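Chain residues, written in single-letter form:
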Amino acid sequence: MAASDTGSFSLIDRVTNISDFIWGGTWNGVEVIPFPPMTLVLLGIGLWIMIGLRFYPIVKLGSAFAGLFRGRKSAGAGEISPFAALSTALSGQVGTGNLAGVATAIALGGPGAIFWMWVTAIFGMALGFAEGALAIRYREKTSDGVYRGGPMTYIMMGLGPKWTWLAILFCLGTLFSALVTGNSIQANEVASGLNELFGWERWLGGLVIAIAVFVVIIGGIKSIGKVAESVVPFMAAAYIVMAVIALILNFGDLPETFGRIFYGAFNLQSASGGFAGAMIIIAIRAGVARGLFSNESGQGSTPIAHAVAQTDDPEQQGRMAMLGTFIDTMVICTMTALVILTVQGDFTYQGQAVAHVWQSDLGTTAQSGFVTTSGAFAAAFPFEIASIPLGTLIASVALILFVFTTLLTWSYYGERAITFLYDRVPGSTRRGEKMLHIGWRVIWCIAIYIGATQPSQLVWRLGDISNAAMALPNLLALALLSGVVFKLSRGDRTAGKDFHKDTPEEPEEY
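Fair warning: this is a prediction, and the values are worked out from it, not measured in the lab.

**Quick notes on the overall build of the chain**
Then, number 1: If you tally the helices and strands in the chain, you get 20 helices and 8 strands.
Then, number 2: In the chain, which comprises 510 residues, the proportion classed as buried is 61%.
Then, number 3: Split by element, the accessible area of the chain, about 18,700 Å² in all, is 67% carbon and sulfur.

**Focus: the packing of helix α6 (residues 96-109) against helix α7 (residues 112-137)**
Helix-helix packing is described using two parameters, namely the angle between the two axes and the distance between the axes.
Then, number 1: The N-to-C vectors of α6 and α7 enclose an angle of 125 degrees; their axes lie 7 Å apart at closest approach. Our classification of the angle between α6 and α7 gives oblique. Residue-level contacts link V102, A105, I106 and G109 of α6 to G112, A113, I114 and M117 of α7.
Then, number 2: Among the residues making up the contact of α6 with α7, the classes are represented as 6 nonpolar, 2 polar and no charged.

**Considering the nonpolar core**
Then, number 1: With 144 residues, the main nonpolar core has I49, L134, V213 and W444 as its most contacted residues.
Then, number 2: Ignoring anything within four residues of it in the chain, the contact list for I49 reads A126, L127, A130, L478, S482 and F486.

**A look at helix α5 (residues 82-93)**
Each full turn of the α-helix corresponds to 3.6 residues, which orients residues three or four apart in the same direction.
Then, number 1: Taking 1.5 Å as the rise per residue, α5 with 12 residues should run 16 Å; its terminal C-alpha atoms sit 16 Å apart, in good agreement.
Then, number 2: Burial runs high along α5: 12 of the 12 residues are buried.

**Structural notes on the pairing of strand β5 (residues 344-349)**
Then, number 1: Pairing between β5 and strand β6 (residues 352-356): 4 bridges, direction antiparallel. Paired with Q344 across the bridge in β6 is H356.
Then, number 2: Between β5 and β6, which pair antiparallel one after the other, the connecting turn spans 2 residues, and Q350 there sits at a positive phi close to 50 degrees.

**Section: a nonpolar patch on the surface**
Then, number 1: A surface patch of nonpolar side chains, about 950 Å² in accessible area, is lined by W203, L207, I211, F214, V215, I218, I438, V442, I446, Y449 and I450.
Then, number 2: The set of elements that each furnish at least two residues to the nonpolar patch consists of α10 (202-217) and α18 (430-451).
Then, number 3: In this fold, F214 is placed in helix α10.
Then, number 4: You can call F214 partly exposed: its relative accessible area is 31%.

**Considerations on the packing of aromatic side chains**
Then, number 1: Counted under the stated rule, the structure contains 12 aromatic pairs.
Then, number 2: Consider the rings of W118 and F258, whose centres lie 6.5 Å apart with planes at 35 degrees: the pair is tilted. On the criterion of sequence distance, the pair formed by W118 in helix α7 and F258 in helix α12 (residues 254-265) is long-range, its members being 140 residues apart.
Then, number 3: Under the relative-accessibility criterion, W118 is labelled buried at 13%.
Then, number 4: A relative accessible area of 31% places F258 in the partly exposed class.
Then, number 5: Pairing Y239 with F402 gives two aromatic rings, centres 5.6 Å apart and planes at 70 degrees, and the pair type is edge-to-face. Of the two residues, Y239 is situated in helix α11 (residues 220-249) and F402 in helix α17 (residues 390-423); the sequence distance between them amounts to 163 residues. The pair formed by Y239 and F402 is uniform in burial state, with each residue classed as buried.
Then, number 6: Three or more aromatic residues link up through ring pairs in this structure, and these residues are F115, W116, W118, F258 and F262.
Then, number 7: For the cation-ring pair, R424 lies above F420, with the distance from its terminal atom to the ring centre recorded as 4.2 Å.

**Digging into the confidence of the model for the chain**
Then, number 1: Model confidence for the chain is summarised by a mean pLDDT of 81, while 86% of its residues fall at 70 or above.
Then, number 2: Of all helices and strands in the chain, the one with the weakest mean pLDDT is helix α13 (residues 278-295) (62), whereas helix α20 (residues 482-489) scores best (94).
Then, number 3: Within the model, the stretch residues 1-8 combines pLDDT values under 50 with 1 contact to residues more than four positions away or in other chains.
Then, number 4: Here residues 270-277 is modelled with pLDDT under 50, and outside its nearest four sequence neighbours on either side it reaches 13 contacts, counting other chains as well.

**Re the environment of R441**
Then, number 1: As for its placement among the helices and strands, R441 is situated in helix α18.
Then, number 2: The sequence separation of R441 and E415 amounts to 26 residues, and the corresponding C-alpha distance is 7.8 Å.

**A short note on the side chain of T409**
Then, number 1: Residue position: T409 is located in helix α17.
Then, number 2: A relative accessible area of 1% means that T409 is categorised as buried.
Then, number 3: Filtering out sequence-adjacent residues up to four positions away, T409 remains in contact with T88, S91, G92 and I224.

**Regarding the packing of α7 against helix α15 (residues 314-342)**
Then, number 1: It is the contact of α7 with α15, at a shortest axis distance of 6 Å, that shows an interaxial angle of 160 degrees. Judged by the inter-axis angle, α7 sits roughly antiparallel to α15. The hand of the α7/α15 crossing is right-handed.

**A word on the pattern of salt bridges**
Then, number 1: On inspection of all chains with the given rule, the structure shows 11 salt bridges.
Then, number 2: Among the ionic pairs, R148 bridges to E140, the shortest N-O distance being 2.4 Å. In this pair, the class of R148 matches that of E140, namely buried.
Then, number 3: Here E433 and R430 are joined by a salt bridge, their closest N and O atoms 2.7 Å apart. In this pair, E433 and R430 are both assigned in helix α18, 3 residues apart and thus about one turn of the helix distant.
Then, number 4: When its relative accessible area of 0% is taken as the criterion, E433 is described as buried.

**Re α12**
Then, number 1: With 12 residues, α12 should reach 16 Å at 1.5 Å per residue; the first-to-last C-alpha distance of 17 Å fits that figure.
Then, number 2: Buried within α12 we find L254, T257, I261, G264 and A265. Taken down its axis, α12 places every buried residue within 105 degrees of arc, on the same side. Residues of α12 that are exposed and point more than 90 degrees away from the buried face comprise P255 and Y263.

**Looking at unusual backbone geometry**
Then, number 1: Of note in the backbone geometry, F55 takes a positive phi value of approximately 60 degrees without being a glycine.
Then, number 2: Along the chain, F55 falls in the loop between α2 (37-52) and α3 (56-59).
Then, number 3: Under the relative-accessibility criterion, F55 is labelled partly exposed at 42%.
Then, number 4: Phi at Q350 takes a positive value of approximately 50 degrees, unusual for a residue other than glycine.

Calculation notes
- Residues numbered from 1 in each chain as written.
- Predicted model: local features only at pLDDT ≥ 70, side-chain atom pairs only at ≥ 80, totals over all residues.
- Heavy atoms only, no water.
- Helix = DSSP H or I, 4+ residues; strand = E, 2+ residues; numbered from the N terminus.
- Buried < 20%, exposed > 50% of the residue type's maximum accessible area, 1.4 Å probe, protein only.
- Areas by Shrake-Rupley, 256 points an atom, 1.4 Å probe, with all protein chains shown as cover.
- Axes fitted to C-alpha atoms, helices over the stretch in contact; angles between N-to-C directions.
- Parallel < 35°, antiparallel > 145°, perpendicular 65-115°, else oblique.
- Contact = heavy atoms within 4.5 Å.
- Nonpolar A, V, L, I, M, F, W, Y, C, P; charged D, E, K, R; others polar.
- Core = buried A, V, L, I, M, F, W, Y, C linked by side-chain atoms within 4.5 Å.
- Expected span 1.5 Å × (residues − 1).
- Pairing = 2+ DSSP bridges.
- Patch = residues over 30% accessible without salt bridge, like charges linked within 9 Å, V, L, I, M, F, W, Y side chains within 5 Å.
- Salt bridge = Lys/Arg side-chain N within 4 Å of Asp/Glu carboxyl O.
- Phe/Tyr/Trp six-rings, centres within 6.5 Å; stacked < 30°, edge-to-face > 60°.
- Lys NZ or Arg CZ within 6 Å of the ring centre and 35° of its normal.
- pLDDT = per-residue confidence, 0-100.
- Left-handed = near helix turned anticlockwise from the far one by under 90°.
- Arc of directions from axis to C-beta.

This is the structure in structure tokens:
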């Protein structure tokens with residue numbers, strides 16, 4: 001057993017080092033390069049697109065919310081309504097990142113990580129608009145009339161066949177991220193929630209969720225969209241209401257919470273054994289990494305959902321996509337963070353009493369996750385129902401619903417990636433695609449069962465790596481197509497070249 005534990009820890013250490021280098025530029029806690037690579041790329045391209053859009057996401061935020069109701073009506077070709085496409089994308093965005101990911105960001109980077117999560121969301125809105133608009137501008141249609149798309153499609157149709165390698169690279173990253181971020185992490189955290197709520201063993205929780213997911217995903221994107229449109233708005237609103245009540249009950253501590261966030265974001269102190277300013281780098285790394293994990297802007301996942309919207313207006317769906325980022329991070333993640341940082345309770349750290357859950361043993365790097373958020377809500381609503389604190393019940397139900405819909409949506413993202421790779425094979429057919437879809441859905445549900453029992457710290461760190469592997473090809477495509485995005489934002493629906501070529505295989509466009 002000891003040897004096994006040692007092996008497990010050494011694997012976690014190796015994965016942690018790779019994650020820290022990608023997001024923080026450090027190795028074994030020591031600065032290797034003076035800037036966090038992935039953070040610089042993500043925020044740099046986000047800033048470029050934001051400026052090119054003339055701050056469109058901020059200026060048009062009000063009208064974007066007003067368009068939510070119009071988005072319920074279909075106004076073009078596609079599979080599901082624009083609002084259902086947003087709900088589907090949100091169902092992939094709103095998951096463990098909003099409950100567990102915020103807690104791990106605070107554990108890794110302190111309260112200051114939340115500020116950098118907000119910064120990521122602001123630039124992420126520009127990236128989200130670009131992804132949503134391009135997803136409608138460039139999408140494919142199968143021989144039996146089904147619309148679909150995403151980064152792999154706007155790379156092929158917007159940049160041309162010579163960029164096929166980039167589309168393939170994106171799809172490989174998507175499969176990696178789907179199985180880790182969209183599957184294992186979600187299953188791992190929901191198993192924790194079911195264990196806390198019902199006392200179920202983790203394997204049993206994974207099995208129950210896997211069966212429930214299979215029942216829905218066997219129906220494809222229309223089935224997923226219908227469930228998402230029904231569940232996501234309700235679950236998000238209910239969670240926000242309970243978080244607001246918890247904050248009202250602890251209103252007097254909110255100023256101190258915001259002080260901690262802003263101070264931590266610009267704390268020039270060095271981390272233990274590190275360099276001056278290391279705390280800022282750590283806060284940025286944690287905030288940006290978890291921010292991307294939560295809202296997925298720039299990662300390339302949400303445009304796969306937006307591509308099937310029943311609209312011919314790229315600008316409209318771009319606004320829908322940027323709203324997803326705002327709702328996910330600026331609203332839901334912020335509510336979670338404020339509850340964790342503000343609510344006081346009976347917590348301990350190494351036997352000593354502390355005021356807040358994030359300062360306790362539950363908020364340490366090794367233990368942080370859903371248990372941190374659940375502990376904060378339990379302290380806010382301590383009265384019990386069937387021996388379970390109401391706060392724990394609220395957090396657990398929210399987690400189960402959030403994760404369930406995330407697992408549905410990410411199964412479709414992985415399905416689209418594996419289908420694109422299959423379509424590169426000469427002689428690919430629509431029938432072959434459908435058989436591949438069934439096989440993928442079975443594999444997906446088996447992976448849920450396996451992921452539920454994996455070490456939490458390992459899957460979260462692997463998630464950071466897989467997110468970067470998926471985001472980098474997409475960010476390069478967004479930068480190359482940024483000129484098209486700027487024109488789409490100004491109402492030019494046919495902006496950019498269209499590398500369209502009839503082929504005998506699926507899809508017929510390229």
